[in-house]
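Each chain is listed here by its residues.
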Amino acid sequence: MKNTIITFKQSKQQGNKISMLTAYDYSTAKLMDEAGINAILVGDSLGNVVLGYEDTLSVTMEDMIHHGAAVARGAKNAMVVVDMPFMSYQTSVYDAVVNAGRLMKEGRASAVKLEGGKEVCPQVKAITEAGIPVMGHLGLTPQSINALGGHRVQGKTQQAAQKLLDDARALQEAGAFAVVLECVPEKLAEKVTKELEIPTIGIGAGAGCDGQVLVYQDMLGMFSDFTPKFVKKFANVGQVMKEAFKNYIDEMQQGSFPSQEHCYSIDDDIIEKLY
Ligand code: KIV
């Protein structure tokens, strides 16, 4: 059954956890969809894990549209949420609505995600009123990495914790259907989750959230540049891939690949008559 914002709402009401992973291409999205994932996030983490940038700031609307559409083609039942890249919504409410619209029309998203609290609520309200579901993102917001001073846990002081809770309430009020909590203390995420009617999706925010999201290269052990404390490796696919690449190189160099079973035949006559 197709997952929608209704699934998110009902999951929270019924206490069913919402599963979400990032994906950036058709084949991976199809595998996740077949595994029964509720939602796929085409995150702007694309910049780090696919494009090899140091941060997410250089990711463009064209990047998100290109990868969003590929994921949407592979996701039959999963809800596809596409990230709004840096400076595609911060500049104005108008830009936000136009760019969210492009992610829906050209990127085939079912919803968009953007980072920030009260300061982006006018954008969240306008996008929602245009008929586009919006997922919020609080805590460690990678597009503000320079303002935050690096990758660090957010909401640790009284003031910061209160701000995060107030921002979460403001996003809900503005019409967001869910909110990602990244890198925040477990007890604060629990409090926010209890206070909100909309579901929280945690990443580095403990088990008390209504759902979880992880970057798929992290949970499969395919990305080694930087591994946050909150990542669990559910498989070491990176190692499996490396071994397969080595085996390919060895077999190809030794001449055992390709073997007969991988070759196409032709009548000897034809070859003999060639001049
Ligand atoms: O871009 C991304 O992958 C994200 C997740 C870390 C939530 O925003």
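It should be noted that the structure appears before, not after, this text.
Residues numbered from 1 in each chain as written. Predicted model: local features only at pLDDT ≥ 70, side-chain atom pairs only at ≥ 80, totals over all residues. Heavy atoms only, no water.

## Details of the site of the ligand
(1) Moving on: Close to the ligand lie Thr22, Leu41, Gly43, Asp44, Ser45, Asp83, Lys113, His137, Val180, Glu182, Ile203 and Val215, which account for all nearby residues.
(2) Moving on: Contact distances for the ligand include 2.5 Å between an oxygen atom and a side-chain N or O atom of Ser45.
(3) Moving on: At 2.8 Å, a side-chain N or O of Lys113 approaches an oxygen atom of the ligand.
(4) Moving on: About the coverage of the ligand: the protein hides 96% of its 260 Å² of free accessible area.
(5) Moving on: Here the ligand is seated within the largest pocket. (Near = heavy atom within 4 Å. Polar contact = N/O pair within 3.5 Å; in protein donor to acceptor, adjacent residues only side chain to side chain. Areas by Shrake-Rupley, 256 points an atom, 1.4 Å probe, with all protein chains shown as cover. 1 Å grid on protein atoms, 1.4 Å probe; cavity = no way out; pocket = protein on both sides within 12 Å on 5 of 7 lines; lining within 4 Å. Sits in = over half its atoms within 2 Å of the grid points.)

## Some details on a nonpolar patch on the surface
(1) Moving on: Together, Tyr248, Ile249, Met252 and Phe257 make up a nonpolar patch on the protein surface, roughly 360 Å² of accessible area in all.
(2) Moving on: As for its position among the elements, Tyr248 is in helix 11 (residues 237–254). (Patch = residues over 30% accessible without salt bridge, like charges linked within 9 Å, V, L, I, M, F, W, Y side chains within 5 Å. Salt bridge = Lys/Arg side-chain N within 4 Å of Asp/Glu carboxyl O. Helix = DSSP H or I, 4+ residues; strand = E, 2+ residues; numbered from the N terminus.)

## What to know about the sheet that holds strand 8 (residues 211–214)
(1) Moving on: On the basis of which strands lie adjacent, the closed barrel formed by eight strands has the order 1-2-3-4-5-6-7-8 and parallel pairing. In this sheet, adjacent strand axes meet at a mean angle of 25 degrees when their direction is disregarded.
(2) Moving on: With five bridges connecting them, strand 5 (residues 134–139) and strand 6 (residues 178–182) associate as parallel partners. When the sheet's bridge partners are listed, His137 is paired in strand 6 with Val180. (Pairing = 2+ DSSP bridges. Axes fitted to C-alpha atoms, helices over the stretch in contact; angles between N-to-C directions.)

## Remarks on the pattern of salt bridges
(1) Moving on: Applying the stated criterion across every chain yields a total of 10 salt bridges.
(2) Moving on: Across the pair Asp83 and Lys113 runs a salt bridge whose closest N-O atoms are separated by 2.8 Å. With Asp83 in strand 3 (residues 79–83) and Lys113 in strand 4 (residues 111–113), this residue pair connects regions lying 30 residues apart in the sequence. Lys113 shares its class with Asp83; the two are buried.
(3) Moving on: Residues Arg102 and Glu106 are paired through a salt bridge, measuring 2.8 Å at the closest nitrogen-oxygen approach.
(4) Moving on: Put simply, Asp166, Arg169, Lys191 and Glu195 are held in one network by salt bridges that share partners. (Buried < 20%, exposed > 50% of the residue type's maximum accessible area, 1.4 Å probe, protein only.)

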